[in-house]
Amino acid sequence: MTQTIELTINGKAVRAEVDDRTTLADFLREHADARSIHLGCEHGVCGACTIVIDGAIARSCITLAVMQDGADIRTLEGLGDDPVIRQLRESFHHNHGLQCGYCTPGMLITSRDIIARYGAADESTVRDALAGNICRCTGYAGIVKAVREAAARLAHDRSSDADASASVVPRRIAGSL
Amino acid sequence: MKPAPFTYIRPQRIEDAVAQLVEGGWDAKVIAGGQSLMPMLNLRMVSAERLIDIRRIPQLTACKDLGAEVRIGAGVTHARIQQGDIPDPSNGLMPKVASRIAYQAVRNRGTIGGSLSLADPAADWVTTMAALGATVEWHGEAGPQTGPAEDFIQAAYTTNLGPTDVLTAIRIPRLPREAVWGTYKLCRKTGEFAHAMAMVIRGGVTRAFLGATDGAPIRLPSVETELQRAPTCDAGLERALGEAMETDIANSSRELADVRRWQMRTCLVRATRMSFGIPELAVSA
Amino acid sequence: MSAATTKKGIGGSILRIEDERLLKGRSSYIADISRPGQWEVAFLRSPVAHAVLRGIEKPSGAEDRVFLYEDLGELLPIRADSQAPGFRRSDYPAIARDKVRFVGEPIAICLGRTRGEAEDLAQQVMVDYDELPAVSDMSQSRDPQFPPIHEGWTENVFLESRVDTGDINAARVQAAITLRRQYRMNRQAIVSLEGRGVVSYLDERTGELVVYSSTQFPHVIRTALASLLGMKERELRVVAPEVGGSFGVKNNLNPEELALAALTRKTGLSLRWIEDRREHLTASAHAREHRYDITVHADRDGLILGLEAEIDVDVGAYSVWPWTAPMEAGQAIGFLPGPYAITNYRAVARTCASNKSPLGPYRGVGRPGACFAIERTIEELAAELGIDPVEIRARNYIKPEQFPWRSAGGKTYDNGDYESSARAAKKLIRPERVADLRARYKNTDYVVGVGYGTYLEQTAHGTAEWVQRGLPVVFGYEQVSVQMTPDGMLIIDAPIQNHGQGLETTLAQVANEELGIDPAHVVVRHGDTSQAPYGMGTFASRSMVMSGGAVGRACVILAEKLCAIGAHLLQVEPSAVHLVDGTVKLTGGSASVSLAEVAVAAYLRPERLPDTVEPGLSVTASYRTSQDTGAWSYGTHAAIVAVDRGTGLIKILDYVIAHDCGTIVNPMIVDGQMMGGLAQGIGTALYEEMPYSAEGQPLASTFMDYLLPGATEVPAAAIEHLCNPSPITRYGIKGMGEGGAIPPPAVLCNAVNDAFRPLGVAVNETPMTPDRIIHALMSAGDVRA
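Residues numbered from 1 in each chain as written. Chains lettered and ligands numbered in written order. Predicted model: local features only at pLDDT ≥ 70, side-chain atom pairs only at ≥ 80, totals over all residues. Heavy atoms only, no water.

Is there a simple way to explain the overall build of chain B in this structure?
Scanning chain B from N- to C-terminus turns up eleven helices and 14 strands. Relative to the globule expectation of 19 Å for 285 residues, the C-alpha radius of gyration of chain B, 19 Å, shows essentially globular dimensions. Counting across all 285 residues of chain B, residues that qualify as buried make up 59%. Total accessible area computed for chain B in this model is approximately 10,700 Å², and 50% of it derives from carbon and sulfur atoms. Once the 32 positive and 30 negative side-chain charges of chain B are each reduced to a mean point, those two points are 7 Å apart. (Helix = DSSP H or I, 4+ residues; strand = E, 2+ residues; numbered from the N terminus. Rg over C-alpha atoms; globule rule 2.2 N^0.38 Å. Buried < 20%, exposed > 50% of the residue type's maximum accessible area, 1.4 Å probe, protein only. Areas by Shrake-Rupley, 256 points an atom, 1.4 Å probe, with all protein chains shown as cover. Lys, Arg positive; Asp, Glu negative; His and termini not counted. Charge placed at Lys NZ, Arg CZ, Asp CG, Glu CD.)

In structure tokens, the structure reads:
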């Protein structure tokens, strides 16, 4: 049981034939070389497979490739020029926000969403919003510092820069936690 | 942990989805957000020969404010409710509940209809829809049907839905302007399923429920009586709530272990305090 | 956490070289390794805990894609024999032969073009199980009602060992107080975020059987595989790719490694097995299942006169290689006296077998349990006598002038200042706050307490220690090769396996210390038995000391040659130059030549070399610590907790760490290791448990049931570094990767007990789940108001 799907992956139009049961994570890893997607549980809890689907973060391990026909997919490979990701990378590097690297792509993508939703949020909000991404190495200290530092730097840049954010960044939500 | 093979079908209309279920029998399953079903398929705890994707059927994601009630399509995601993208008949209760479901990545795709259809007793919407006195709508071979959310769940993972029924919408009566609410759940860590839960609504209507039980939420009529007559939330009310809760559990002939009743009582008292506007105690050094 | 510092050698918090590729998400973990024509493997695993296999039927039409034990060719079972007298042996086959002994034990190898297809096939294999009663709890290990798990066993116990030091009878007589307590640390899984995995294929050019494995020690795996497959070591190549965390779970010879290697050798097929989460939770090595019955004798001032213990450890169905089944209990019995000057000690440790997944090493290896037992006991003693918990420890600690200390558990501690760590922790935690907090929360559901825990971490232990443990392999040293390339940069080939510790950075820092070379000009290659000289791998907190020591030695030898050549180029004597900032420089002058110029002379322009110097710039060196008994890191952690009597949840209000790991190479990385260890310690203390049913079924097979601490469960902790350099290691470094995970269960349980003592409630079991807390409250008659 295979189908042809058409979708956009990291800005590129892609057409492929897939097995109905192939998860989006496996499809992206095999077909689009999106090996930044890591499988840590395959049941939606650990967050290592988090990517962006139609502008919203999602677990790629618990959706199917065939369900994403027509979707706009962004993995870490396609966010290299994203200003939030660039700042997050720098902050993770400076604050020892990674050790083995396995959770890191999912952490970066979720952190980008946190900054878009909550801006320069306090520590408790950041920790709560990171709850869906498990790290087994760092104890989260460096990660939380990195996200807060990045958010503060970006807020500072945004206030001194009149340009609107890129369209891939989701809109700011008033804190609802 | 890869799913067993199946055929994927995406019908355009509800009627076609139902027809697929009829044709497929026990081996046909409906999928919307997939946040609960896909883990089970990956684990091969559930099998499907036919997977029917209803996520994009337009009538399932539509919402309508009908004044005295709001009708929410079953395919509306937790995130849309959390973010206030849809009309809120609950004076803020529903966005609050939505914001505490699992994690953002799951909220972005999981749906209220999926949550109610699966009927995991710990699922937040199961208790919330009962507390709000909502009406569930579904569509099957026998055409469209409705029923109260409070009676929708028979037991864990068992609802009024037959094998060829698809949950289509939930109609939630608008709370009176003066109605206040409180909700409290016990999770061992952020985002995991609750082990105990309580929800109270007061002011114009009075409804009190325990959730995250072994099955359907438990309505607490004696508790509601106490809530109706209490002008303030003091030690006396809290004591009375505990006793009333025990009475209601005993009358419900539902089994709840000692430890669980202890924790449920805590949730009930804290939900009640919240409804009285008493901020939750923030414990810090 | 510090930003980059200008210091690039030992002591500098330089940013990690590993980060660039990992922040892009572009590396090669085992699931990224793929060979043309490879088959994906799914193991058929036993659904029952204990059974004789009466018959296995391959699905018709797919017989050539299903492989049983007899299809694997000539191979031996894994046998990890302890030298200890009385040890009962277990044969651990690559896949089950005639019997299965735990749920999850592999039975058949099934191949598919995709993993999904392989799993489909596994579901079609028919197995006839003749079920036997399963030992599901260590209390059943000596019960004759249960059949022997291994042939010829008279009881299901691998080993019983005893220690009897000093005069316990005298202690019993002299004691003013005797306390007896029982403690329980429940079984858990290890859970690296990346599971295990193996890729195996035949390299037709070299004739090698190549095995990629997400492992911590490729050379040792190669030796083991060669031995069990009857191959020559040079016919095997083992490669560890990028490894996504391990903490010990990838530190055993896994049956899956042996099975895939054997099958590729027999059939020539390229194979790949990627462990999924359910396999990891149920069938990879488990950890920490200990029970303690402790009796302590003390004088009225709290000085411990004697310690007695009965220790039981449930190690599952097989002895893991190379550690052997009794290592966990051996650690517990050896470490129980802890940092205290206890000379009268009598203990028995039983290594019990059961029909559960085999127990393997996990960060801390037995010490979290021992620390739990002794640190709970000393605070019980303190409470009983009305003595401050830090004061009672101070009375009992081994004093700095008493080192080296030969413990009653048979260990030799190199140095330490335990009292300073405890006082530093006390100063950080400010226990005087507890009274104020109790007053603040007096009429609420919250009770507040403070707890401490002092731990020891034996690191980089050498030959004699491993021999004493009775293991089949002895890990006494490390080797490293360094080579300077013609462009003046350095390649370090190290047989360690970096899996998050930042060794690609810290080993470069050691090179900077000796050669003055910029760490950015140093690449550390590791993981490939074809590249690195023989070595032991990364575990037991050994790599910074052992590999760091080897890098130091090799660089010193290289430095001599660099100076000889550089001096010749500068036309001065070698004693007139030194290495600094990537150059050979005239001491007291400005003339210099770059390392690149030296390297060009050594490789490309040998006419420029002095007559006494041979071309080339490569050195292989080994290193051992000057004593084999280990470099002992230690510290004291402390916490203030608030227990919610309404829910049973425990909130950590503050957590502090005062530790000593000697000379620190990279403070940023050390902090990271401490925090990561703390998170896992919190997991052990509050969240993680692998329960088994009476039928031997593991009950937490997904992350829905097996809870891991997330960002809201791990507080930020204050960390203070003390520094007493080790007298037995190069640079005075001590390992420290495990210390963070050792004391948290003791610390948090002590804090909970401090909070509960006024209520007459005690808690002595981990994880301290809300249900266990409420049960404890209910049993003490706590009534909801």
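We are not done yet, so read on.
Looking at this structure, how should I read the overall build of chain C?
In terms of regular secondary structure, chain C is built from 18 helices and 31 strands. Taken over the C-alpha trace, chain C has a radius of gyration of 27 Å; the compact-globule value for 785 residues is 28 Å, and the two agree within 12%. Referenced to the eigenvectors of the C-alpha coordinate spread, the extents of chain C come out at roughly 90 × 75 × 50 Å. Relative to its full complement of 785 residues, chain C shows a buried share of 68%. Taking all contacts inside chain C whose residues are at least 6 apart in sequence as the whole, residues at least 24 apart take part in 79%. Within the structure as shown, chain C displays about 25,100 Å² of accessible surface, and the carbon and sulfur contribution to it stands at 48%. Positive and negative charge centroids in chain C, built from 76 and 95 side chains respectively, lie 2 Å apart. (Contact = heavy atoms within 4.5 Å.)

What am I meant to see in the packing of helix α14 (residues 543-570) of chain C against helix α15 (residues 595-603) of chain C here?
A pair of packed helices can be characterised by two numbers: the angle between their axes and the separation between those axes. Residue and element names in this part refer to chain C. In the contact formed by α14 and α15, the axes pass within 10 Å of each other and the chain directions differ by 95°. With respect to α15, the axis of α14 lies roughly perpendicular. Residues Leu-562, Ile-565, Gly-566 and Leu-569 of α14 lie in contact with α15, whose contacting residues are Leu-595, Glu-597, Val-598, Ala-601 and Ala-602. Here the contact of α14 with α15 is built from residues that sort into seven nonpolar, one polar and one charged. (Axes fitted to C-alpha atoms, helices over the stretch in contact; angles between N-to-C directions. Parallel < 35°, antiparallel > 145°, perpendicular 65-115°, else oblique. Nonpolar A, V, L, I, M, F, W, Y, C, P; charged D, E, K, R; others polar.)

Explanation requested: the environment of Tyr340(C) in the structure shown.
All names here are of chain C. Looking at where Tyr-340 falls in the secondary structure, it is placed in the loop between α7 (327-335) and β17 (345-352). Classification of Tyr-340 by relative accessible area gives buried; the value is 1%. Separated by 380 residues in sequence, Tyr-340 and Glu-720 place their C-alpha atoms 22 Å apart. Apart from residues no more than four positions distant in its own chain, Tyr-340 is found in contact with Ile-374, Glu-375, Ile-378, Arg-393, Asn-396, Tyr-397 and Ile-398. One polar contact links Tyr-340 to Glu-375, side chain to side chain, over a distance of 2.6 Å. (Polar contact = N/O pair within 3.5 Å; in protein donor to acceptor, adjacent residues only side chain to side chain.)

Help me out: how do you make sense of the sheet that holds strand β13 (residues 271-274) of chain C in this one?
Each strand in a sheet pairs with its neighbour through backbone hydrogen bonds, running either in the same direction (parallel) or in the opposite one (antiparallel). Residue and element names in this part refer to chain C. Read across the sheet, seven strands follow the order β3-β5-β1-β13-β10-β11-β12 without closing on themselves; strand pairing throughout is mixed. One side of each edge strand has no neighbouring strand; the edge strands of this open sheet are β3 (66-67) and β12 (236-239). Relative to β13, strand β1 (residues 39-45) runs parallel, the two being bridged by two bridges. Residue pairing in the sheet places Glu-40 in a bridge with Arg-272 of β13. In this fold helix α4 (residues 218-229) packs onto β11 (208-213) and β12, with an angle of close to 145° to the strand it touches most, β12. (Pairing = 2+ DSSP bridges.)

What's the story with the interface of chain C and chain A in this structure? I'm lost.
As a measure of interface size, the accessible area lost when the parts come together is often cited. Tallying the contact residues gives 54 residues for chain C and 46 residues for chain A. Buried surface at the junction of chain C and chain A, both sides included, amounts to about 4,000 Å², of which 57% is carbon and sulfur. One salt bridge connects Asp32(C) with Arg29(A), and the closest N-O pair in it is separated by 2.9 Å. Across the contact surface, chain C and chain A share 24 residue pairs in polar contact (both at pLDDT 80 or more). Secondary-structure elements contributing two or more residues to the side of chain C that touches chain A are α1 (19-24), α2 (115-124) and α16 (667-687) of chain C. Residue contributions to the side of chain C that touches chain A peak at eight residues, all from α16(C). Residues that form the side of chain C that touches chain A fall into these classes: 25 nonpolar, 17 polar and twelve charged. (Buried area = accessible area lost by both parts, 1.4 Å probe. Salt bridge = Lys/Arg side-chain N within 4 Å of Asp/Glu carboxyl O.)

How should I be thinking about the pairing of strand β30 (residues 718-722) of chain C in this particular structure?
A regular strand carries its side chains on alternate faces of the sheet. Residues and elements named next belong to chain C. In terms of strand pairing, strand β29 (residues 650-660) meets β30 through five bridges, oriented parallel. Bridged to Asp-660 within β30 is Leu-722. Since β29 and β30 lie parallel, the crossover through α16 that links them has a hand, and here it is right-handed. (Right-handed = clockwise from strand over helix to strand, strands pointing away.)

Is there a simple way to explain the nonpolar core in this structure?
Nonpolar side chains in soluble globular proteins tend to be buried together. Counting residues in each nonpolar core, the largest one holds 178 residues, and the members touching the most others are Phe92(A), Leu336(C) and Leu748(C). Tallying contributions element by element places α16(C) first for this core, with nine residues. Within the second largest apolar cluster, 53 residues are counted, among which are Tyr69(C), Trp273(C), Ala283(C) and Leu471(C). (Core = buried A, V, L, I, M, F, W, Y, C linked by side-chain atoms within 4.5 Å.)

What am I meant to see in the state of the cysteines here?
Linking two cysteines covalently via their sulfur atoms produces the bond known as a disulfide. Residue and element names in this part refer to chain A. Inspection of the entire model under this criterion finds zero disulfides over all chains. A disulfide-free cysteine, Cys-61 has its sulfur positioned 3.6 Å from the sulfur of Cys-49, the nearest such atom. Take Cys-103: it sits in no disulfide, and the sulfur closest to it among the cysteines is that of Cys-135, at 3.9 Å. (Disulfide = S-S within 2.5 Å.)

Is there a simple way to explain the domain arrangement of chain B in this structure?
For chain B, the domain assignment lists domain 1 (7-53), domain 2 (58-173) and domain 3 (181-282). Computed from C-alpha atoms alone, the centre-to-centre distance between domain 1 of chain B and domain 3 of chain B is 36 Å. (Domains from an automatic or database assignment.)

Just checking my understanding: could you explain the interface of chain B and chain C for this structure?
Counting from both sides, the interface comprises 28 residues of chain B and, opposite them, 42 residues of chain C. In total, about 3,200 Å² of surface goes out of reach between chain B and chain C, with carbon and sulfur atoms giving 57% of it. Taken as a group, Arg188(B), Trp262(B) and Val283(B) account for 26% of the area that chain B buries against chain C, more than any other trio of residues on that side. In this structure, the connection of chain B to chain C is made through five salt bridges. In this structure, Arg44(B) engages Asp120(C) in a salt bridge whose closest nitrogen and oxygen atoms are separated by 2.8 Å. Counting every contact that joins chain B to chain C gives 22 residue pairs in polar contact (both at pLDDT 80 or more).

How should I be thinking about the side chain of Ser200(C) in this particular structure?
Residue and element names in this part refer to chain C. Examined against the element boundaries, Ser-200 turns out to sit in strand β10 (residues 197-203). At a separation of 3.4 Å, a polar atom in the side chain of Ser-200 contacts the main-chain carbonyl oxygen of Leu-260. In this structure the side chain of Ser-200 is engaged in a polar contact, spanning 2.7 Å, whose partner is the side chain of Thr-264. Once residues lying within four places of it in the same chain are set aside, the contact partners of Ser-200 are Val-210, Val-211, Leu-260, Ala-261, Thr-264, Leu-269, Ser-270 and Leu-271.

Looking at this model, I keep getting lost on the environment of Val641(C). Mind explaining?
Residue and element names in this part refer to chain C. Considering the arrangement of structural elements, one finds Val-641 in strand β28 (residues 631-644). Val-641 sits 193 residues away from Val-448 along the chain, and the two C-alpha atoms are 5.7 Å apart. Here Val-641 is in contact with Val-447, Val-448, Gly-449, Ile-650, Lys-651, Ile-652, Leu-653, Leu-748, Ala-751 and Val-752, once residues within four sequence places are set aside.

When you look at the pattern of salt bridges in this model, what are you seeing that I'm missing?
Two side chains bearing opposite charge may form a pair once their charged atoms approach each other closely. Summed over the entire model, instances satisfying the criterion amount to 94 salt bridges over all chains. In this structure, Asp124(B) and Lys185(B) form a salt bridge, with 2.9 Å as the shortest nitrogen-oxygen distance. A residue pair is termed long-range when its members are at least 10 positions apart, and Asp124(B) in helix α8 (residues 124-131) and Lys185(B) in strand β11 (residues 180-186) qualify at 61 residues. Given the relative accessible area of 22%, Lys185(B) is considered partly exposed. It is possible to trace a salt-bridge network through shared partners that takes in Arg21(A), Arg44(B), Arg45(C), Arg115(C), Glu119(C), Asp120(C), Arg196(C), Glu256(C), Glu275(C), Asp276(C) and Glu279(C).

Mind showing me how you'd approach the sheet that holds β17(C) here?
Residues and elements named next belong to chain C. Strand order in the open sheet made by the six strands is β7-β17-β16-β15-β8-β31, with mixed pairing throughout. On the outer flanks of this sheet lie β7 (157-165) and β31 (765-766), each paired with one strand and no other. Helix-sheet contacts for helix α8 (residues 367-385) involve β8 (177-185), β15 (290-298), β16 (304-314) and β31, and the interaxial angle to β8 is about 145°.

Hey, could you run me through helix α18 (residues 770-779) of chain C in this one?
Residues that lie three or four places apart on an α-helix share one face, since the helix turns once every 3.6 residues. The complete set of buried residues in α18(C) reads Pro770(C), Ile773(C), Ile774(C), Ala776(C) and Leu777(C). Taken down its axis, α18(C) places every buried residue within 155° of arc, on the same side. (Arc of directions from axis to C-beta.)

Explain helix α1 (residues 14-24) of chain B to me, please; I cannot follow it from the model alone.
Residue and element names in this part refer to chain B. Turning to α1, its buried residues are Ile-14, Ala-17, Val-18, Gln-20 and Leu-21. All buried residues of α1 project into a common sector of 155° when viewed along the axis, lining one side. Where α1 is buried, its residues touch β1 (7-9), β2 (28-31), β3 (50-53), α3 (58-61), β6 (135-140) and β10 (166-173). Positive backbone phi, approximately 65°, marks Gly-25, located one or two places after α1.

Before we go on, may I ask you to explain unusual backbone geometry in this structure?
Most peptide bonds adopt trans geometry, and most residues besides glycine take a negative phi value. Residue and element names in this part refer to chain C. Here the bond from Trp-321 into Pro-322 is cis, since omega is 5°, no more than 30 degrees from zero. Here Pro-322 lies in the loop between β16 and α7. Put simply, Phe-403 and Pro-404 share a cis peptide bond, and its omega is -5°. In this fold, Pro-404 is placed in the loop between α9 (389-396) and β18 (405-406). The backbone of Asp-581 shows a phi angle near 50°, a positive value even though the residue is not glycine. Its location among the elements puts Asp-581 in the loop between β24 (577-580) and β25 (583-586). Notably, Tyr-731 is not glycine yet its phi reads approximately 70°, a positive angle.

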